[in-house]
Amino acid sequence: MTAVPLAPELLVGTPLIELRGVTRVYSTGRLEVPALRGVDVDVWPGEFVAIIGHSGSGKTTLMNIIGCLDRPTDGTYRIAGEDVSSFDDDGLARIRSRTIGFVFQNYNLLPRTSALENVATPLLYQGVGRRERLERAKAPLERLGLGDRLTHEPSELSGGQQQRVAIARALVTEPALILADEPTGNLDTASGEEVMAILHELNDEGRTIVLITHEAEVAAKAQRQIHVRDGMIVS
Amino acid sequence: MFRLALSRLGTSRLRTALTMLGVIIGVASVVALVGVGQGATGGITARLQGLGTNLLTISPGAARTGFTRGAAGSSNTLTQEDATALAALSGIAAVEPEVSSSGFVVAGSQNTTTTVLGTTPAYPEVRAFTIADGTFFNQASVDHSLRVVVLGATTATDLGLTSSAIGQTITIGGVPFQLVGILQAKGSTGPVSQDDQAIIPITTARAYFSGGDKVRTIGVSVADANQIELAKATITTTLQARHGVTASALDFSIADQAQLLSTFSSVGATLALLLGGIASISLLVGGIGIMNIMLVSVRERTREIGIRKAIGARGRDILAQFLIEALTISLIGGIIGIAVGLTISVLISTVAGWAIVFSPVTILLAVFFSLAVGVIFGVLPARQAARLDPIVALRYE
């Protein structure tokens, strides 16, 4: 087991994310394809970690497991102190709702739905009333400079603006972890840098960020890189 | 959640409207056909009740000449005394003996040939007639064989007589009679109209037209509708004793109006059920329409479902979303369908002249069924949506 180097000032308490010997095997008919083969990852509160790897390296599988969209075939995964390895679908949905904020490469905003409604939607699944939802959704949008775009639908926004709406949506539930999957992949350089700046700003405020990317340049901006290759962590 | 469903349905209005149309047609046809069935039954029942619900009609048996048996009613076994004896029985409200013949009636320049019925003042009560104009003749007219006549509505119209003609003299078979009353029309039951007749005192009829002591028919009005069977038995026993015949060789028969009524009612109920059943098929087709559209919608919105799941929606949240959409379509469709169905049944009832039957049970059933259609045909697509794997759904293009 290779210990992952940590920023010394974060070596307190328990890790936010703790993967131990996690494997994930996809069964396609007779064939068994291992995507992850025994991975250990620790991410501490307040860290900005980049998971970097080429396509087919297993980084997407790793992200799905960290994001509680998938379960490991073997091994344990603890997030915020809870062992979610054996959670059922509803249990995983609860973790996604309370603990994780997603930012996707292709934004994944709800079509034909205003920016404000989009940002308010995660609160719907926490059982928050409509009035409060819309009220709480305003703050992150205004903070990301979209205060004048509340009623715009995704199709009326630029890529950079859409990604900022997506970040606002990830922030609205005040999650412990922001999980960003290639957040700059579809953006031009300027918008990409803007998004990275926002993520850094959020990290400076103490938010834990895990960034998945295949670009070394993007990964270089994180405090720490985890390299994935052939389903294993190489450094 | 409901707001969400509404806004989603709003984004594809044409599709929603067409899907709803399936439910509307289904519910409307159920409501309309059941309404029409009930209206028709009500109409038939009302006409039968017009004959007098508590009415028993006693007719003579078949005449026997040697070994030849004649048609029922062809003998002359009933007499005026039979009628008097029956009137004395307990549980009998009124009795009216009838004799009849055909007569040529002339009023001024108009003439017609109609049934001349000789009876007693109990006739309107037993046969459930009301007097439109003038009065019915009284017992004194019968006692003194007065030449007075009450005309059926049709006969009066044929002769061009209206309320102003009361007191005029008309002739029947050349004999002058004074017109004292005109009956309210009842409508026809079968080929013979009850409204086409001239009614005169039975004694007068005997004196001028039929003669003898025999009676063609005796109408009996039973006091209590629940005692009809008992009354029939009492009448049978009484007449048997009077005629000196055995139970196996009765020389008279008793027709029961209530029996006919219940037969028609049950036929009507079966008819309504049958019509409703046929209409339910279109409701079923409407339901399949909902399912079809919801399945397409789940497929189209796979990615949306993936996003919702990623940001914290549980399976049941997605299930609820799609189920509410299906229910909204079916409920709104159901309500519109009820309105359309009621309108149709009111129109048909009006045209056919039936009483308009507004049955809250039918409405409740229609609402219940349209909701049931929404749930039954919405569950499958909604479950399909709820079970989608978020990873697969997110990648779906």
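Worth saying up front: this structure is predicted, and the values here are computed from it rather than measured. (Residues numbered from 1 in each chain as written. Chains lettered and ligands numbered in written order. Predicted model: local features only at pLDDT ≥ 70, side-chain atom pairs only at ≥ 80, totals over all residues. Heavy atoms only, no water.)

Trainee: Could you give me a rundown of the overall build of chain B, with the residues and numbers involved?
Mentor: Counting secondary structure elements, chain B contains 13 helices and 12 strands. Each of the 397 residues in chain B was classed as buried or not, and the buried ones make up 45%. The long-range fraction of contacts in chain B, counting pairs at least 24 apart against all pairs at least 6 apart in sequence, stands at 76%. Carbon and sulfur atoms form 63% of the exposed surface of chain B, whose accessible area is close to 18400 Å². (Helix = DSSP H or I, 4+ residues; strand = E, 2+ residues; numbered from the N terminus. Buried < 20%, exposed > 50% of the residue type's maximum accessible area, 1.4 Å probe, protein only. Contact = heavy atoms within 4.5 Å. Areas by Shrake-Rupley, 256 points an atom, 1.4 Å probe, with all protein chains shown as cover.)

Trainee: Outline the domain arrangement of chain B, supporting the account with residue identities and numerical values.
Mentor: The assigned domain composition of chain B is domain 1 (2–47 + 262–395) and domain 2 (76–250). For domain 1 of chain B versus domain 2 of chain B, the separation of C-alpha centres amounts to 56 Å. (Domains from an automatic or database assignment.)

Trainee: So what's going on with the nonpolar core? Which residues, and what values?
Mentor: Note that soluble globular proteins tend to have their nonpolar side chains buried in a common cluster. All names here are of chain A. Among the nonpolar cores identified, the biggest contains 38 residues, and Leu-141, Val-165, Ile-167, Leu-199 and Leu-211 are the most heavily contacted of them. Of all elements in the fold, only β3 (48–52), α3 (115–124), α4 (130–143), α5 (159–171), β7 (177–181), α6 (189–204), β8 (208–213) and α7 (216–220) reach the threshold of two or more residues within this core. It is α5 that contributes the most residues to this core, 6 residues altogether. Excluding residues within four positions of it along the chain, Val-165 makes contact with Leu-109, Ala-115, Asn-118, Val-119, Leu-141, Leu-146 and Leu-157. By size, the runner-up hydrophobic cluster in this structure holds 36 residues, among which are Leu-16, Ile-17, Ile-100 and Leu-177. (Core = buried A, V, L, I, M, F, W, Y, C linked by side-chain atoms within 4.5 Å.)

Trainee: Residues and numbers for empty space enclosed by the protein, please.
Mentor: Here the idea is plain: a probe the size of a water molecule rolls over the atoms and shows the empty space left. Enumeration over the complete set of coordinates arrives at 2 cavities of 30 Å³ or more. Here the largest cavity is characterised by a volume of approximately 60 Å³. Together, A:Arg96, A:Ser97, A:Ile100, A:Gly101, A:Phe102, A:Pro122, A:Arg169, A:Ala170, A:Thr173, B:Ala310 and B:Ile311 line the largest cavity. Contributions of two or more residues to the lining of the largest cavity are made by α2 (89–99), β6 (100–103) and α5 of chain A. (1 Å grid on protein atoms, 1.4 Å probe; cavity = no way out; pocket = protein on both sides within 12 Å on 5 of 7 lines; lining within 4 Å. Points joined across faces, edges and corners; volume = space filled by probe spheres on them.)

Trainee: So what's going on with the sheet that holds strand β5 (residues 82–83) of chain A? Residues and values would help.
Mentor: Residue and element names in this part refer to chain A. Across the sheet, which stays open at both edges, the 4 strands sit in the order β2-β1-β4-β5 with antiparallel pairing between neighbours. Because the sheet does not close on itself, it has two edges, and the strands there are β2 (31–43) and β5. Examined bridge by bridge, strand β1 (residues 17–28) and strand β4 (residues 74–79) share 5 bridges and lie antiparallel to one another. Directly across from Arg-20, in β4, lies its bridge partner Thr-76. Packing against the sheet, helix α1 (residues 59–66) makes contact with β1, β2 and β4, and its axis sits at approximately 120° to β1. (Pairing = 2+ DSSP bridges. Axes fitted to C-alpha atoms, helices over the stretch in contact; angles between N-to-C directions.)

Trainee: Tell me about the environment of B:Ser359, and name the residues and values.
Mentor: In this structure, B:Ser359 sits in the loop between α11 (315–352) and α12 (360–386). Once the C-alpha coordinates of B:Ser359 and B:Gln110 are considered, the two residues, 249 residues apart in sequence, prove to be 48 Å apart.

Trainee: Could you give me a rundown of the sheet that holds β3(A), with the residues and numbers involved?
Mentor: Residues and elements named next belong to chain A. Taken in spatial order, the 6 strands line up as β6-β7-β8-β3-β9-β10 in an open sheet, and their pairing is mixed. The open sheet has two edge strands with one neighbour each: β6 and β10 (232–233). Where β3 lies against strand β9 (residues 224–229), 4 bridges are found, and the strand directions are parallel. Looking at the pairing, Ile-51 lines up with Ile-226 of β9. α2 contacts β6 and β7 of the sheet and is inclined by roughly 80° relative to β6.

Trainee: If you had to explain the interface of chain B and chain A to someone new, which residues and values would you point to?
Mentor: Contacts between chain B and chain A engage 23 residues on the former and 22 residues on the latter. Here chain B and chain A share an interface that buries about 2000 Å² over both sides, 57% of which is from carbon and sulfur atoms. Area buried by chain B at its contact with chain A is led by B:Ile307, B:Ile311 and B:Ile391, which between them contribute 28% of it. The closest approach of N and O atoms between A:Asp90 and B:Arg316, which form a salt bridge, is 2.8 Å. (Buried area = accessible area lost by both parts, 1.4 Å probe. Salt bridge = Lys/Arg side-chain N within 4 Å of Asp/Glu carboxyl O.)

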